[in-house]
Amino acid sequence: MNLHFILPKSPKDQEVIVMAGKPVLYYYNARGKMESIRWLLAAAGEEFEEKFMKTREDLEKLRNDGVLMFQQAPMVEIDGMKLVQSRAILNYIANKHHLYGKDIKERALIDMYAEGVADLNEMIIIYPFGPPEGKDASLAQIKDKAKTRYFPAFEKVLKSHGQDYLVGNRLSKVDILLVELLYNVEEIDPTIITSFPLLQALKTRISSLPTVKKFLQPGSQRKPPVSEESVAEGKRIFF
Amino acid sequence: MAGKPKLHYFNGRGRMESIRWLLAAAGVEFEEKCMKTREDLEKLRKDGVLMFQQVPMVEIDGMKLVQTRAIFNYIADKHNLYGKDIKERALIDMYTEGIVDLNELILTRPFLPPEEQEAKLAQIKDKAKNRYFPAFEKVLKSHGQDYLVGNKLSKADILLVELLYNVEELNPGATASFPLLQALKTRISNLPTVKKFLQPGSQRNPPDDEKCREEAKIIFH
């Protein structure tokens, strides 16, 4: 259904149209900093469209149009807003879809855990863009931090309460983002997760949710692992 | 919920200063436990109180919170500095993330090798003048209100004003072409809690210097 051809009869109809309509994601055709947002929207069952930048001119056009508050992407048009900054976007989606706990203390735990997830995920996102001679060291650091810092921390949380989700016995943004991270680390080294049975169980459980299952299947909007071509494209557009 | 928050960090601004600003602006008294040696950091790690083996860590309301954004957001939520609905929260988060990006360049600079600091200073000045200050001036101009979001004080206003002070320390006159930012800075600085924090003798730290760099190297290397 193409909403652009519905003529609003009154301001109230206009408001409904602004909230309706799928989010539109502005980025290039790769994981990068947008992939966590794709995971969260998909897991929340919110369909979205994508407008892919292919050249630096595409980025410059968005900048000239004044739609990128800090001249950067990701940008997501959602519910009448043009949001930039991935945390702002992730938090809005989490709030909208009740993936943020039930009170401010649960929110604090969710945020604390999500920031740890983001720290390790950041290393994974950027290491392909570093100088070739540093790649081995970066990879070694990622594996080490996963094995000795981050995975133990999250395994300990799950062990402490024995529940199915990280916080408040309920699905939240951090369960989804952690599982994305587990898949990312598995692509680098499938053996690391084997010493963390509760993380494995979380991964299985979240992957079985209908929306996530669908996202994990071929043909979804999930992007493939980074390749030399996508690194080159990213450098051309953004660097 | 009783008992003052306890801040665990070393004796410098670093990543803890924005938290000090926010607590102070919210009128929350807090205590500080300063690390002086690597052993101090290792002890906290062994005690199992640093979820990711890192500081800042803030003991608050029965929690041992790490990760600066988690700490900011909790303080903002607790003290009604986070807007009135999820859309206002989104704007506050978006603005805060821009502020944090520029502040990150500033707070990490003293800990760079001295020969790299000049280039970093040029980058900070450029980004402030051409990217961040214009963006926030534009927001204030768009609605003409006293605060960035929803005509009410939020974490974004406090963190932006901290940023303005930080940039001006490095580049006096940096806000000269941004009248609405200057007005915001004055307005926020006059809030009783912020005014107190800006006075000598408060828990506000002086700029991080060479001595800080050496101390941080010892503790964190």
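For clarity, every value in this text was computed on a predicted model and none was experimentally measured.

Conventions used here
- Think of each chain on its own: its residues are numbered from 1, step by step along the sequence as written.
- Note on labels: chains are lettered from A, ligands numbered from 1, in written order.
- Restriction of local features to residues with pLDDT of at least 70 applies here, the model being predicted, together with a cutoff of 80 or more for giving and counting side-chain atom pairs; totals for whole chains, interfaces and linings are based on all residues.
- Water and hydrogen atoms play no part in the side-chain values, which are based on all heavy atoms of the structure.
- The domain limits used here are those given by an automatic or database domain assignment.
- Contacts were defined at the residue level, with two residues in contact if any of their heavy atoms lie within 4.5 Å.
- Two parts placed together each lose some accessible area under a 1.4 Å probe, and the buried area is that loss summed for both.
- Salt bridges are defined by distance alone: a side-chain nitrogen of Lys or Arg within 4 Å of a carboxyl oxygen of Asp or Glu.
- The term polar contact refers here to a pair of N or O atoms within 3.5 Å; inside protein, the definition further demands a hydrogen-donor-capable atom paired with an acceptor-capable atom, and it admits residues adjacent in sequence only when both atoms are side-chain atoms.
- Secondary structure elements follow DSSP: runs of H or I of four or more residues count as helices, runs of E of two or more count as strands, with numbering from the N terminus.
- UniProt positions are given in the numbering used here, feature names are shortened, and annotations may be inferred rather than shown by experiment.
- Burial classes follow relative accessibility: with a 1.4 Å probe on protein chains only, a residue under 20% of its type's maximum area counts as buried, one over 50% as exposed, and anything between as partly exposed.
- Here the aromatic set is Phe, Tyr and Trp, taking the six-membered ring for Trp, and pairing holds for ring centres within 6.5 Å; pairs whose planes are under 30 degrees apart are stacked, those over 60 apart are edge-to-face, and all others are tilted.
- Note on criteria: charge over ring means Lys NZ or Arg CZ within 6 Å of the ring centre, with the direction from the centre no more than 35 degrees off the ring normal.
- Only Asp, Glu, Lys and Arg are considered charged in this grouping, and only Ala, Val, Leu, Ile, Met, Phe, Trp, Tyr, Cys and Pro are considered nonpolar; every other residue, Gly among them, is considered polar.

### Points about the domain arrangement of chain B
Residues and elements named next belong to chain B.
- The domain boundaries assigned to chain B delineate domain 1 (6-79 + 197-209) and domain 2 (86-190).
- Here the C-alpha centre of domain 2 lies 21 Å away from the C-alpha centre of domain 1.
- Contacts between the two partners involve 18 residues from domain 1 and, on the opposite side, 19 residues from domain 2.
- Looking only at domain 1, the three residues that lose the most surface to domain 2 are Arg-15, Trp-21 and Arg-69, adding up to 30% of its buried area.
- Seen at the junction of domain 1 and domain 2, the total is five salt bridges.
- Arg-13 serves as the salt-bridge partner of Glu-169, at 2.9 Å between the closest nitrogen and oxygen.
- Counting across the domain 1 and domain 2 interface gives six residue pairs in polar contact (both at pLDDT 80 or more).
- Within the residue set of the side of domain 1 that touches domain 2, elements represented by two or more residues are helix H1 (17-25) and helix H3 (68-78).

### A short note on the UniProt feature "domain: GST N-terminal" (unreviewed entry) in chain B
- Under the UniProt annotation, the feature "domain: GST N-terminal" (unreviewed entry) is placed at residues 3-83 of chain B.
- In residues 3-83 of chain B, the share of helix is 36% and the share of strand is 22%. The end C-alpha atoms are 26 Å apart.

### Considering the pattern of salt bridges
All names here are of chain A.
- The tally for this structure, following the rule as stated, stands at 42 salt bridges over all chains.
- A salt bridge links Asp-164 to Arg-205, with the nearest nitrogen and oxygen atoms 3.7 Å apart. Residue Asp-164 is located in the loop between helix H6 (135-161) and helix H7 (173-188), and its partner Arg-205 is located in helix H8 (residues 197-207); the two are separated by 41 residues in the primary sequence.
- Under the relative-accessibility criterion, Arg-205 is labelled partly exposed at 26%.

### Digging into the UniProt feature "domain: GST N-terminal" (unreviewed entry) in chain A
- Within this numbering scheme, the UniProt entry marks residues 21-101 of chain A as carrying the feature "domain: GST N-terminal" (unreviewed entry).
- When the span residues 21-101 of chain A is considered, its composition is 36% helix and 22% strand, and the gap between its end C-alpha atoms is 26 Å.

### Concerning the domain arrangement of chain A
Residue and element names in this part refer to chain A.
- Here the domain parsing of chain A yields domain 1 (24-97 + 217-238) and domain 2 (104-208).
- The C-alpha centroid of domain 2 is placed 21 Å from the C-alpha centroid of domain 1.
- At the junction of the two partners, domain 1 supplies 20 residues and domain 2 supplies 16 residues.
- For the domain 1 and domain 2 pair, buried surface summed over both sides reaches about 1,500 Å², with 58% attributable to carbon and sulfur atoms.
- The interface formed by domain 1 and domain 2 contains four salt bridges.
- Counting across the interface, domain 1 meets domain 2 through seven residue pairs in polar contact (both at pLDDT 80 or more).

### Re the packing of aromatic side chains
- Taken as a whole and judged by the stated rule, the model has 20 aromatic pairs over all chains.
- An angle of 25 degrees between the planes, with centres 5.6 Å apart, marks the rings of Phe129(A) and Phe239(A) as stacked. Placement of Phe129(A) in the loop between helix H5 (104-126) and H6 and of Phe239(A) in the segment after helix H10 (228-238) is noted, with a sequence separation of 110 residues between them.
- On the basis of relative accessible area, Phe239(A) is assigned to the exposed category, the value being 64%.
- Their ring planes at 40 degrees and their centres at 5.8 Å tell us that Trp21(B) and Tyr165(B) sit as a pair that is tilted. Of this pair, Trp21(B) sits in helix H1 while Tyr165(B) sits in helix H6 (residues 155-170), and the two are 144 residues apart along the sequence. Summarising the burial analysis for this pair, Trp21(B) and Tyr165(B) share the class buried.
- Through pairs of rings, three or more aromatic residues link up here, namely Phe70(A), Tyr95(B), Tyr132(B) and Phe136(B).
- Just above the ring of Tyr183(A) sits the side chain of Lys203(A); from NZ or CZ to the centre is 4.2 Å.
- Here the basic side chain of Arg89(B) rests over the ring of Tyr82(B), its NZ or CZ set 3.7 Å away from the ring centre.

### Thoughts on the interface of chain A and chain B
- Contacts between chain A and chain B engage 36 residues on the former and 36 residues on the latter.
- Both faces considered, chain A and chain B share a buried interface measuring about 3,000 Å² in area, 64% of it formed by carbon and sulfur atoms.
- Interface area lost by chain A to chain B is led by Met69(A), Phe70(A) and Met112(A), which between them contribute 21%.
- On the surface where chain A and chain B come into contact, there are three salt bridges.
- Between Glu97(B) and Arg87(A) there is a salt bridge, with its nearest N and O atoms 3.8 Å apart.
- For the pair chain A and chain B, the interface holds nine residue pairs in polar contact (both at pLDDT 80 or more).
- If you list the elements that add at least two residues to the side of chain A that touches chain B, you get strand E4 (81-84), helix H4 (86-96), H5 and H6 of chain A.
- At ten residues, the largest contribution of residues to the side of chain A that touches chain B is made by H5(A).
- The residue inventory of the side of chain A that touches chain B, partitioned by class, reads 17 nonpolar, seven polar and twelve charged.

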